[in-house]
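Here are the chains, one letter per residue:
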Amino acid sequence: MGDRCALIIDRSVITCAQLGCLLYKPRSGGLLASTAIALVFPSSLGFVYPRVLLWLLRFYFRGRSQDCAALAPFNLMMERFLHFGAVVLLLLMATKVQTQSTIADALKSQCLDNVMMMTLDSSVVWGNYLQIDALNDTEFITITPEIAAQCGFSLTVDDWGNATFLASVLNCFSKNVEDATFNLSVRIRISPNVDMSTASMYNYSISCNYSTWAAREILCERNYMEVSVRRRVPTLKQGLQDDDWAAAFTEATKAAYRIWKVVFYLPVQKTMTAEEAKESGYGLLTTPSRLVLRSAYNTSESQLQMLDSVPMAVVRATTFYKQKWMVMLVDSAVACPADGVTFTEDMITWRIPYIISPLVTPQAFEPTNISLGINGQKLDPTTIQNRNYSLDVGPAVITAQFPVGALGGYYKSRVRNNNYGIVYRIEPMLEHQWKDDVYDETKYKILHPITTPFMPRPPTVTNDTVPANRLFNVTLDSFLPDVELVNITFGNETLTIPEANQLGYNVQEHRFPNGSKWFTLQVPFESPHVSKEPTSPDTTTYILPLVYGLNIVPQNTPFTYPAVIIASLKDIVPPSVTGYCSLTQFYVTIKLGNLGHNFVIFVGKRQLTPSMASDYGYTENSTYIWMTLPYNCADAVFEVIKSSELRSRLDLTLVDEERHWVSASFSLSCSFPVKLIECLSNGTMPTIAVKVESVPDLNPGSLTLRDPRCTPLQYDSVTAVFRFNVNTCGTTRKFSQNTMIYENEVLMTTSDPQYRFLVTCYYKINDTKVVRFDTKNNLPFVPEPALGQLVVVMTLSVDGSYNEFYTTSDYPVVKYLRAPLYFEVRLLYSSDPQVELFLEDCWATGSADRNSFPKWDVIVDSCENSLDLYKTVFHPVSKTTRVPFPSHLKRFEVKMFSFTKDDAALKGEIYFHCDVVICDANSPSDKLCRGQCIPSKQRQVRSADYDHRRAYVSSGLILLEP
């Protein structure tokens, strides 16, 4: 198309490239709602406002043909209005509207034996929030991740925005007709808002026929394991005539049946009723002929076992179910691969045990069929061979191999630490059928999506410049088709591609036959972005520093690639950087080049300032510069964390002051001994989690242990402190010879966590220690509480449930005058049940100074203020998982309209303060433990004796609004 057509705005020519004709491609699906908008740009404003017009015009071309003939009406209109000193544009804004027909066009479904599949393409999913609801009789149930694992659903969205919804035919909400026909009705909700408001909805029904049931069928899905076993009535008929038995058998098969209880055997035997199992997240179901058990991979009754070097998630269970006249036991064991995938640069290898010992014994095993498939569909041998897949059935393992890049999967661009690379994703399926002495036949199906690790593919910048032509000629290659070049930064100026072409820089995109692409750039030596410097009497060096700004679509993941293009002999000796580490410090030496100290220093991302130089021990002479930096300084980044060490990296960049190029770039990465995990003898595991560079958006306050209810006791922008017991917070235990091992993890609270920190403690079993004691008139041992340094905090609850609290980042908290405040004062780091916390006095002030005036009392002598018209309300504290010791907490509610100043309701800033006292709850002599309300006469008794048991706490800033 080139620049043969243009739009004239205020006597300035705007090319098609500037309008974005080449940047937006048509997208299928959806309806276009058109609205006429008039924009007026006075010609006196120059070319500033027309740039806004360009941005709006891009929306005009979204979804339209790239033919610039579409600009003709605009050119004509502009010419007519230029005479009046203004530009008026009637712009048709194209807005995507999701309707039922839009969703229907993007929706497909199919039946894959015992799995239902529904797909939605990216035309309706990308950029929106998607929710699937299942119809349960007359009510739609939202499928949450918990319900999905319990009821047999999975929902994934691939890298291109296509959503795949899979459902077991035996899911919780299927309408089952004689275990042969299964109907599922769902409601699809698509909304641009996270709260699903203004959502477009579409009801859809899937019907699948599946009657070739094996006696036992096992389904290993992404998020759950499912086993279904044929439920039979015994064929015994002693003492009955044939006619009598036929009638009895019919009666038996129609009798009421229900699951009674389930016995789990790993890691220890545990019996649950059906209701208890469902509350623990298990799915239990009986059908006309089958019994179903469904489990997530991470239940407390599942265990990771290595079978022929393949990690398997195993649940060993027996299901008891009652029928009208009998009780039957069904082996409901299930085992699914937790991994088993290895990678090379060219090949993916997937290994599955041939004989899965928790499910069958080798002596009774008789294989019948093994099938390989992709995306839930079986492949015939010819297709497997044509795609260069392989399936090898060995005596111990089944091995499937897929060449990286083979048909059936797809490549996708990725960026890691601003480094470009690719991954390859494929979703294989394996179905293994066998017979044994217990079941007539077992069908074992695994759906196992595989994504290769990040494969770096750093682009290459090639300098094809011929200096005699006085033109830089640069090539940047190569990228997958999902990468677009958005802008180029020349020195300190960033230009879009249309802007660069308008300046005559000639930026072009080229494609290889396989679809990958490369970019070329031509820049004249006379460009203001090219620096010139004489380096000898007869030589000039032309330098073009640039940074390519690229973007991965459709995720809109930006990344950059810097380059410095030089078109002459470089005879400058640049500075160099060396360094080493001690146990706590970085030591950096900068050796100056032949141009002396003509550069600025960047430590990490910050330019070195005089105050930073002072903190970092900066010294220099005519040849060298030295600096000493702590391993945990603000400009270092943590790369790797381990239980006893941190790997910290210091990046130093030297930038030439005049030429704006990087003279030297240096990174020093070292491991420093830091104790992050303690294994205390009382079973407590204090742990410190540290933010690492690979997760830049990590908020330490959002980290949890495996049990998401176990949140940090303290946190800041870099660290989070946890303290938990080996029997809490999802901690697992295993034995290895003479050692008992406890493990937990610090995780991000997302469905696909990017941060995992393994916490492990080893305790010796049968460890013998020699001790000595004397028996000289020993007095009877009387246990007393140990009272150490008090750590007391005051937090503000969101509401009266005391389940959610404001964090440090939420302050100042805005509250209205008639809204009550719910405070909690808590003693931290104590597990002594004999200790009790009391609020001595609490009051509010208008400043952070607890001794300032005016002052409003809300609790006096541990009682509500009797002079206050709106008295403080004390709330009881019950024992919960979060609150193991209720005596360590006090909760109270304050009425916001009880604060007045000069007979007017107080508005603006307010702080709350409390004096806290700790007492011995089991000591009758301790007068502090006489109840919530302490008489004022006791203050004199305790003031001198209990100062060492006092603490003082204050709230953050609260803003009162009328």
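Scroll up to find the structure.
These lines cover the structure that appears in this document, whether it is placed above or below. Just so you know, these numbers come straight off a predicted model, no measurement behind them.

**Focus on the environment of I259**
Then, in step 1: As for its position among the elements, I259 is in strand β18 (residues 257-264).
Then, in step 2: A relative accessible area of 11% places I259 in the buried class.
Then, in step 3: Sequence separation between I259 and L285 is 26 residues; the distance between their C-alpha atoms is 7.7 Å.
Then, in step 4: If we ignore the near neighbours within four places in the chain, the residues touching I259 are A274, L284, L285, T286, L291, V292, T319, F320 and Y321.

**Brief notes about the side chain of T541**
Then, in step 1: As for its placement among the helices and strands, T541 is situated in strand β46 (residues 539-552).
Then, in step 2: A distance of 2.8 Å separates the side chain of T541 from the side chain of S568, its partner in a polar contact.

**Looking at the packing of aromatic side chains**
Then, in step 1: Taken as a whole and assessed by the stated rule, the structure comprises 29 aromatic pairs.
Then, in step 2: With a centroid separation of 5.9 Å and 50 degrees between ring planes, the pair formed by F479 and F519 is classed as tilted. On the criterion of sequence distance, the pair formed by F479 in strand β40 (residues 471-479) and F519 in strand β44 (residues 517-524) is long-range, its members being 40 residues apart. For the pair shown, F479 and F519 are each scored as buried.
Then, in step 3: Aromatic pair F512 and W518: ring centres 4.4 Å apart, planes at 40 degrees, arrangement tilted.
Then, in step 4: Accessibility expressed as a relative area gives 33% for F512, which makes it partly exposed.
Then, in step 5: Above the plane of the ring of F838 lies K890, whose end atom (NZ or CZ) is 4.7 Å from the centre.

**Here we look at the nonpolar core**
Then, in step 1: F472 and L521 are the most contacted members of the largest nonpolar core, which totals 90 residues.
Then, in step 2: With 6 residues, β46 is the single largest residue contributor to this core.
Then, in step 3: When near neighbours in sequence (up to four residues on either side) are disregarded, L521 contacts F472, N473, V474, I488, F490, Y505, N506, V507, L546 and Y548.
Then, in step 4: Judged by nonpolar contacts, the second largest core, of 55 residues, contains C670, V674, I677 and F722.

**Let's talk about the sheet that holds strand β21 (residues 290-296)**
Then, in step 1: Within the open sheet, the 8 strands sit side by side as β20-β21-β17-β16-β36-β35-β29-β30. Their pairing is mixed. Every interior strand has two partners, whereas the edge strands, β20 (283-286) and β30 (377-378), have only one.
Then, in step 2: For strand β16 (residues 216-220) and strand β36 (residues 442-447), the ladder comprises 5 bridges, and the chain directions are parallel. Residue pairing across strands places E217 opposite K443, the latter belonging to β36.

**Let's talk about the pattern of salt bridges**
Then, in step 1: The final tally for this structure, using the stated rule, is 32 salt bridges.
Then, in step 2: In this structure, the salt-bridge partner of K270 is E301, at a minimum N-O distance of 2.7 Å. Separated by 31 residues along the polypeptide, K270 in strand β19 (residues 270-273) and E301 in the loop between β21 and β22 (303-307) bring together distant segments of the chain.
Then, in step 3: In this structure K270 comes out as partly exposed when scored by relative accessible area, which is 35%.
Then, in step 4: Judged by its relative accessible area of 3%, E301 is buried.

**Comments concerning the side chain of S154**
Then, in step 1: Looking at where S154 falls in the secondary structure, it is placed in strand β11 (residues 153-157).
Then, in step 2: Accessibility expressed as a relative area gives 5% for S154, which makes it buried.
Then, in step 3: A polar side-chain atom of S154 sits 2.8 Å from a polar atom in the side chain of E221.
Then, in step 4: Filtering out sequence-adjacent residues up to four positions away, S154 remains in contact with T164, F165, L166, E221, R222 and N223.

**Considerations on the environment of T383**
Then, in step 1: Mapped onto the secondary structure, T383 falls in helix α9 (residues 381-386).
Then, in step 2: Residue T383 is classed as partly exposed on the basis of its relative accessible area, which comes to 22%.
Then, in step 3: In this structure, the C-alpha to C-alpha distance between T383 and G373, residues 10 residues apart in sequence, is 9.8 Å.

Each value, and the rule that gives it
- Residues numbered from 1 in each chain as written.
- Predicted model: local features only at pLDDT ≥ 70, side-chain atom pairs only at ≥ 80, totals over all residues.
- Heavy atoms only, no water.
- Helix = DSSP H or I, 4+ residues; strand = E, 2+ residues; numbered from the N terminus.
- Buried < 20%, exposed > 50% of the residue type's maximum accessible area, 1.4 Å probe, protein only.
- Contact = heavy atoms within 4.5 Å.
- Polar contact = N/O pair within 3.5 Å; in protein donor to acceptor, adjacent residues only side chain to side chain.
- Phe/Tyr/Trp six-rings, centres within 6.5 Å; stacked < 30°, edge-to-face > 60°.
- Lys NZ or Arg CZ within 6 Å of the ring centre and 35° of its normal.
- Core = buried A, V, L, I, M, F, W, Y, C linked by side-chain atoms within 4.5 Å.
- Pairing = 2+ DSSP bridges.
- Salt bridge = Lys/Arg side-chain N within 4 Å of Asp/Glu carboxyl O.

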